[in-house]
Amino acid sequence: MSLLLPMAWTLALTLVLELVFALVWGLRREKLLMVLLMNILTNPAANILYSFMTVYLGWSKCLPAVVLETAVIAVEGLCCRGFMDRPWSFVILVNLFSYTAGLLLQTL
Amino acid sequence: MKKLFCILMTVMLLTVGVSADVLWEPYDNDYYWKHYQQASTVAAVYEVPDGLTVNVYTAPVGGKCIKTLEEGTAVYVGFSLKENGEIWATGYPLGDFETEGWFRLGRLQKRYSHEEFVNDNADQIAAEEGWLVASEVGGTIYTWTYPGSGVSDGILEEELLSSGSDYNDGMVSYGLVYTDPDGGRWGYIGYHMGHVGWMYLDDPTDPGPALQLHPEVVNTVTDTAPEEDMTTAPAYGKVFAAVGVVIAITALLIVHIRKKQR
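Note that residues are indexed from 1 along each chain, following the sequence as it is written. Here the convention is simple: chains get letters from A, ligands get numbers from 1, in the order in which they are written. Reporting in this predicted model follows two pLDDT cut-offs: at least 70 for local features of residues, and 80 or more for side-chain atom pairs to be given and counted; totals over whole chains, interfaces and linings ignore these cut-offs and use all residues.

1. Looking at the overall build of chain A
Counting from the N terminus, the helices are DSSP H or I runs at least four residues long and the strands are E runs at least two residues long. Within chain A, the secondary structure is distributed over four helices and zero strands. Listing every helix and strand of chain A by position from the N terminus yields α-α-α-α. Here exposure depends only on C-beta density: within 10 Å of a residue's C-beta, 20 or more other C-beta atoms make it buried, 12 or fewer make it exposed, and intermediate numbers make it partly exposed, the C-beta atoms being placed from the backbone. The buried share among the 108 residues of chain A stands at 31%.

In structure tokens, the structure reads:
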């Protein structure tokens with residue numbers, strides 16, 4: 001239980017940030033739903049794996065962060081490919097936005 | 001235009017912050033950097049008391065035990081915080097930086113240190129600034145955790161003190177003076193080339209001043225129950241299984257939406 005609450009909070013925050021970004025990008029209806037679903041698909045898995053590697057195993061956070069973020073972008077790009085215009089540009093920028101916004105919020 | 005705005009939003013949010021502090025902090029501990037704002041500074045040396053062992057974990061929550069410290073092990077404690085009703089601290093065994101981690105602070109005994117000494121002997125301590133000229137001392141200067149501790153925590157090498165490039169123009173400054181029961185004088189060095197401690201002003205080069213103090217130590221140990229080699233990690237298996245179910249259901253929904261769109 002002690003891991004689920006932070007994960008849920010992280011997912012909720014990511015969804016808000018990325019849906020806002022998606023709206024500004026011009027996405028609507030099914031495309032917005034796809035943004036929602038692709039985050040539910042990737043975010044909890046990435047977070048639990050990150051926690052396991054860095055907190056439990058005590059690994060340095062750089063490599064897990066890079067590897068997991070790359071995997072997230074790859075999976076989300078595949079979800080969006082053929083579903084919207086410029087899927088890879090969108091996926092890279094939306095993840096960069098939510099990652100940096102998350103870092104900024106942590107410092108506040 | 002909208003896409004340009006999105007790009008600009010992303011670039012603007014890129015922040016870089018660097019902070020430096022002279023206090024030790026865990027080098028690469030994810031739990032610490034997520035909770036450092038809730039942590040309190042301790043910056044003191046503790047010991048594993050007789051009859052007890054202390055487990056060191058990667059984190060107070062979700063961590064795993066990386067080492068068990070035996071009785072008598074000295075531990076530097078940097079910071080503490082409360083987690084699940086317990087006080088956890090982060091630090092490392094003295095001389096073993098590789099084993100930095102988290103441990104239950106209630107299982108450790110705080111060593112009598114400079115702070116306690118100053119509190120207990122305030123009447124014999126005066127704020128008095130002075131200095132020793134290193135080239136006139138003519139030898140290695142010993143520094144002590146507190147007067148009469150018998151524990152030398154550092155030495156100021158004669159060669160470094162006398163060299164032309166020495167810090168502070170070759171002078172070792174002190175800001176407090178303690179007069180011991182035998183009339184001996186001790187000066188407190190706030191900082192000199194990384195050293196902090198007391199030096200015996202009457203003979204700074206004496207490797208074993210006669211004064212011996214045995215102050216009463218306040219007991220800080222509150223948890224003496226046997227500590228099992230028990231990981232603090234949650235049931236990762238169950239969490240992974242739950243996430244797996246979420247992934248499966250979400251993947252099916254995504255496939256369904258994509259088929260519908262075609």
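2. Examining the overall build of chain B
Each helix and strand in chain B was counted, giving six helices and 13 strands. Counting all 262 residues of chain B, 28% fall into the buried class. Each residue gets a C-beta atom placed from its backbone, and two residues are in contact if those atoms lie within 7 Å. Once local pairs closer than 6 in sequence are excluded, the contacts in chain B between residues at least 24 apart make up 61%.

3. Description of the interface of chain B and chain A
Between chain B and chain A, the residue contacts involve 36 residues of the former and 35 residues of the latter. Looking at the side of chain B that touches chain A, the element that brings in the most residues is helix α6 (residues 236-261) of chain B, giving 13 residues. The residue classification treats Ala, Val, Leu, Ile, Met, Phe, Trp, Tyr, Cys and Pro as nonpolar and Asp, Glu, Lys and Arg as charged. All others, Gly included, are polar. Its residues assigned to classes, the side of chain B that touches chain A comprises 22 nonpolar, eight polar and six charged.

4. Looking at the nonpolar core
For soluble globular proteins, the rule of thumb is that nonpolar side chains tend to be buried together. Counting residues in each nonpolar core, the largest one holds 24 residues, and the members touching the most others are Ala59, Val75, Val77, Ala89, Trp102, Phe103 and Leu108 of chain B. Counting residues per element, the ones that place at least two in this core are α2 (29-56) of chain A together with α2 (30-35), β2 (54-57), β4 (74-83), β5 (86-93) and β6 (101-104) of chain B. Looking at this core, the element that brings in the most residues is β4 of chain B, giving five residues. By our criterion, buried Ala, Val, Leu, Ile, Met, Phe, Trp, Tyr and Cys residues that link up through C-beta atoms within 7 Å make up a nonpolar core.

5. Comments concerning the confidence of the model for chain B
Residue and element names in this part refer to chain B. A score from 0 to 100, pLDDT tells how confident the predictor is in each residue. Per-chain confidence: chain B averages 83 in pLDDT, with 82% of residues scoring 70 or above. Least confident of the elements in chain B is helix α1 (residues 2-13), whose mean pLDDT is 55; most confident is β6, at 95. The low-confidence segment residues 13-21 (pLDDT under 50) makes eight contacts with residues lying over four places distant or belonging to another chain. The ipTM value of the predicted complex is 0.87, and its pTM value is 0.68.

6. Here we look at the packing of helix α1 (residues 4-25) of chain A against α2 of chain A
Residues and elements named next belong to chain A. Helix axes use the C-alpha atoms of the stretch in contact, all axes being lines fitted to C-alpha atoms, and the angles between their N-to-C directions lie in the range 0 to 180 degrees. Closest axis-to-axis distance for the α1/α2 pair is 9 Å, and the angle between their directions is 145°. The way α1 lies across α2 gives a crossing that is right-handed. Contacts from Met7, Thr10, Leu11, Thr14, Leu15, Glu18, Leu19 and Ala22 of α1 reach α2 at Leu32, Val35, Leu36, Asn39, Asn43, Pro44, Asn47 and Ile48. Taken together, the residues of the contact of α1 with α2 sort by class into 10 nonpolar, five polar and one charged. By convention the crossing between two helices is left-handed if the near helix lies anticlockwise of the far one by an angle smaller than a right angle, and right-handed if it lies clockwise.

7. Concerning the environment of His214 of chain B
By the element assignment, His214 of chain B lies in the loop between β13 (195-200) and α6. The spacing of His214 of chain B and Gly148 of chain B is 66 residues in sequence and 8.0 Å in space, taken between C-alpha atoms.

8. Considering α2 of chain A
Residues and elements named next belong to chain A. An expected span of 1.5 Å times one less than the residue number is assigned to each helix. Between the first and last C-alpha of α2 there are 40 Å, a value that for 28 residues agrees with the 40 Å anticipated at 1.5 Å per step. To get the bend at a residue, fit one axis to the 7 residues ending there and another to the 7 starting there, then take the angle between the axes. By the largest-angle criterion, Ile40 marks the main kink of α2, which is about 25°, and a proline, Pro44, follows within four residues. Where α2 ends, the next residue or the one after it, Gly58, has phi of about 75°, a positive value.

9. Section: unusual backbone geometry
For residues that are not glycine, phi is negative in most cases, and the peptide bond is trans in most cases. For Arg29 of chain A, which is not glycine, the phi torsion reads 45° and is therefore positive. Along the chain, Arg29 of chain A falls in helix α2. We note that Asn84 of chain B has phi near 55°; this positive angle belongs to a residue other than glycine.

10. Looking at the packing of α2 of chain A against α6 of chain B
The N-to-C vectors of α2 of chain A and α6 of chain B enclose an angle of 160°; their axes lie 10 Å apart at closest approach. Relative to α6 of chain B, α2 of chain A is oriented roughly antiparallel. Helix-helix and strand crossings are classified by hand; for α2 of chain A and α6 of chain B the assignment is left-handed. Residues Glu30, Leu33, Met34, Leu37, Met38, Ile40, Leu41, Pro44, Ala45, Ile48, Phe52 and Tyr56 of chain A of α2 of chain A touch α6 of chain B, and the partners they reach there are Tyr236, Val239, Phe240, Val243, Val246, Ile247, Thr250, Ala251, Leu253, Ile254, Ile257 and Gln261 of chain B. Among the residues making up the contact of α2 of chain A with α6 of chain B, the classes are represented as 21 nonpolar, two polar and one charged. An angle below 35 degrees is read as roughly parallel, one above 145 as roughly antiparallel, one from 65 to 115 as roughly perpendicular, and any other as oblique.

11. Describing the confidence of the model for chain A
Reading predicted coordinates in detail is not appropriate for stretches of low pLDDT. When pLDDT is averaged across chain A, the result is 89; 97% of the residues are at 70 or more. Of all helices and strands in chain A, the one with the weakest mean pLDDT is helix α4 (residues 87-107) of chain A (89), whereas helix α3 (residues 62-80) of chain A scores best (93).

12. As for the pairing of strand β1 (residues 40-47) of chain B
Residues and elements named next belong to chain B. Two strands make a pair as long as DSSP finds a minimum of two bridges between them. Relative to β4, β1 runs antiparallel, the two sharing six bridges. Paired with Thr41 across the bridge in β4 is Phe79. Looking at chain direction, β1 and strand β7 (residues 109-110) are connected through two bridges and run antiparallel. Along β7, the bridge assignment pairs Glu47 with Gln109.

13. Side note on the pairing of strand β12 (residues 185-192) of chain B
Side chains on a regular strand alternate between the two faces of the sheet. Residues and elements named next belong to chain B. As paired strands, strand β11 (residues 171-179) and β12 are joined by four bridges and run antiparallel to one another. Of the residues in β12, the one forming a bridge with Tyr178 is Trp186. With five bridges joining them, β12 and β13 adopt antiparallel strand pairing. When the bridges of β13 are listed, Tyr188 appears paired with Trp198.

14. Things to note about the environment of Pro204 of chain B
Residues and elements named next belong to chain B. Summarising the element assignment, Pro204 is placed in the loop between β13 and α6. C-alpha separation for the pair Pro204 and Ile141, spaced 63 residues apart in sequence, amounts to 5.1 Å. Those residues in contact with Pro204, other than ones at most four positions away along the chain, are Leu132, Val137, Ile141, Tyr142 and Met199.

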